[in-house]
Amino acid sequence: MRAAERTWRPPWPCPLGQVIGVLRHGGGDPTFHRDDDGTLWRGLRTPAGTATLRLEPRPADGAVHAAAWGEGAEWALAAVPAMLGGEDDAAAGFPAHRHPVVAELARRHPHWRMPRTGLVMESLVPAVIEQKVTGREAFAGFRNLVHRFGERAPGPGAARRLWVQPDPDTLARIPSWEWLRLPVDPARSHTVVRAARLAPSLERTLAMTPADADRGLRSLPGIGVWTSAEVRFRAHGDADAVSFGDYHVARDITYALTGEELDDAALAELLEPFRPHRYRVQRLVELAGLHHPRRGPRMAPRTHLPV
């Protein structure tokens with residue numbers, strides 16, 4: 001199988017790993033692979049079919065070399081600039097100066113940009129599986145889903161043990177007992193199945209304004225503020241999509257900016273001056289590795305589900 005290729009030269013030094021890292025769901029994400037030299041591989045389900053996408057940073061040339069295989073190869077190559085932040089103008093209106101910590105973080109990470117994958121279901125499925133469970137349980141459930149019902153990525157992706165998520169028709173047909181074996185409980189599995197049956201409508205939110213896309217996603221039972229945000233900052237490139245309701249996000253950001261661990265209400269007030277760039281603050285805090293002190297026992301994975 002021959003590769004389709006392109007070389008993209010962004011007008012800034014693109015930190016490939018920083019930009020695309022948020023698309024990875026845990027260190028064992030079977031749709032994602034990183035070579036020792038920093039080359040990144042992704043298994044994609046595009047509107048044109050499955051694809052293996054290889055992204056090789058070439059900093060000496062100020063370029064990223066992309067190669068793709070499979071029916072969706074051309075679509076994947078066309079999506080590379082947006083996926084790596086090419087549609088994001090980080091300097092357009094982001095008021096980083098309104099808080100000294102944010103200003104410093106923006107200074108430390110001047111080349112980070114918002115990715116936009118243009119693939120709603122790709123982000124929605126793992127986001128739903130990650131609802132209200134520990135990261136360990138969420139990543140295992142997603143990994144098991146892909147291995148059990150997905151397919152090998154085309155071309156050299158298979159040699160990298162790269163997989164592609166299951167298609168919506170497959171997701172919609174998975175019986176309840178198979179979800180429990182992953183393990184994914186009925187509340188989350190029912191949401192994924194409903195989303196799979198409405199996948200074309202959900203993909204159309206990509207053409208909507210951020211507010212309309214949020215409303216469209218949240219019109220589906222089981223998709224709330226947190227899940228919508230997790231989808232929009234990945235698939236839609238929405239720079240205002242804050243993960244309210246997350247177990248750590250509010251405490252991490254408020255601690256980084258104020259020295260206190262506060263709740264979502266306080267976070268909303270703290271981020272209001274940065275609208276419509278509130279997610280930029282969240283991601284800059286994450287990139288800096290800032291977080292509230294981890295005290296006491298961690299939330300334990302649930303054990304009442306079949307394995």
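Note that the structure is predicted; figures quoted are calculated from it, not measured.

Q: Before we move on, could you go through the pairing of strand β4 (residues 49–58) and cite the residues and values that matter?
A: The side chains of a regular strand alternate between both faces of the sheet. Note that strand β3 (residues 40–46) and β4 share 7 bridges and pair antiparallel. From the neighbouring strand, Leu-44 faces β4, where its bridge partner is Ala-51. Bridge count for β4 against strand β5 (residues 63–69) is 7 bridges, and the pairing is antiparallel. What sits directly across from Pro-57, in β5, is Val-64. In textbook terms, the turn of a hairpin is the stretch between consecutive antiparallel strands, and for β4 and β5 this stretch comprises 4 residues, one of which, Gly-62, has a positive phi near 65°.

Q: Break down helix α11 (residues 225–236) for me, with residues and values.
A: Summarising burial for α11: 11 of the 12 residues are buried, a large majority. Along its buried surface, α11 packs onto α4 (120–129), α10 (210–218) and α14 (278–287).

Q: Tell me about the pattern of salt bridges, and name the residues and values.
A: A pair can form between side chains of opposite charge whenever their charged atoms are brought close. Per the counting criterion, the structure on display carries 20 salt bridges. The salt bridge involving Asp-35 is made with Arg-160; its shortest N-O contact spans 3.3 Å. With Asp-35 in the loop between β2 (32–34) and β3 and Arg-160 in the loop between β6 (151–152) and β7 (163–164), the pair connects residues that are 125 residues apart, well separated along the chain. Using a relative accessible area of 15% as the deciding quantity, one classes Asp-35 as buried. Asp-185 is paired through a salt bridge with Arg-188; the nearest N and O atoms lie 3.1 Å apart. The exposure classification of Asp-185 matches that of Arg-188, with both residues buried. Through salt bridges with shared partners, a single network forms among Asp-214, Arg-218, Arg-232 and Asp-238.

Q: How would you explain unusual backbone geometry if you had to name every residue and give the values?
A: Between Leu-182 and Pro-183 the backbone carries a cis peptide bond, its omega angle lying at 0°. Here Pro-183 lies in the loop between α7 (176–181) and α8 (186–197). Following Arg-275, the chain continues into Pro-276 via a peptide bond in cis, with omega recorded as 5°. Residue placement: Pro-276 occurs in the loop between α13 (264–271) and α14.

Q: Hey, could you go over the sheet that holds β4 for me, with residue numbers and the actual values?
A: Read from one edge of the open sheet, 5 strands run β1-β5-β4-β3-β2, paired in antiparallel fashion. Edge positions in the sheet fall to β1 (4–8) and β2, since each of these pairs with one other strand and no more. Mean inter-strand twist for the sheet, computed between neighbouring axes without regard to direction, equals 20°. Docked against the sheet, helix α2 (residues 73–83) engages β1, β3, β4 and β5, running at close to 15° with respect to β1.

Cut-offs used in this document
Residues numbered from 1 in each chain as written. Predicted model: local features only at pLDDT ≥ 70, side-chain atom pairs only at ≥ 80, totals over all residues. Heavy atoms only, no water. Pairing = 2+ DSSP bridges. Helix = DSSP H or I, 4+ residues; strand = E, 2+ residues; numbered from the N terminus. Buried < 20%, exposed > 50% of the residue type's maximum accessible area, 1.4 Å probe, protein only. Contact = heavy atoms within 4.5 Å. Salt bridge = Lys/Arg side-chain N within 4 Å of Asp/Glu carboxyl O. Axes fitted to C-alpha atoms, helices over the stretch in contact; angles between N-to-C directions.

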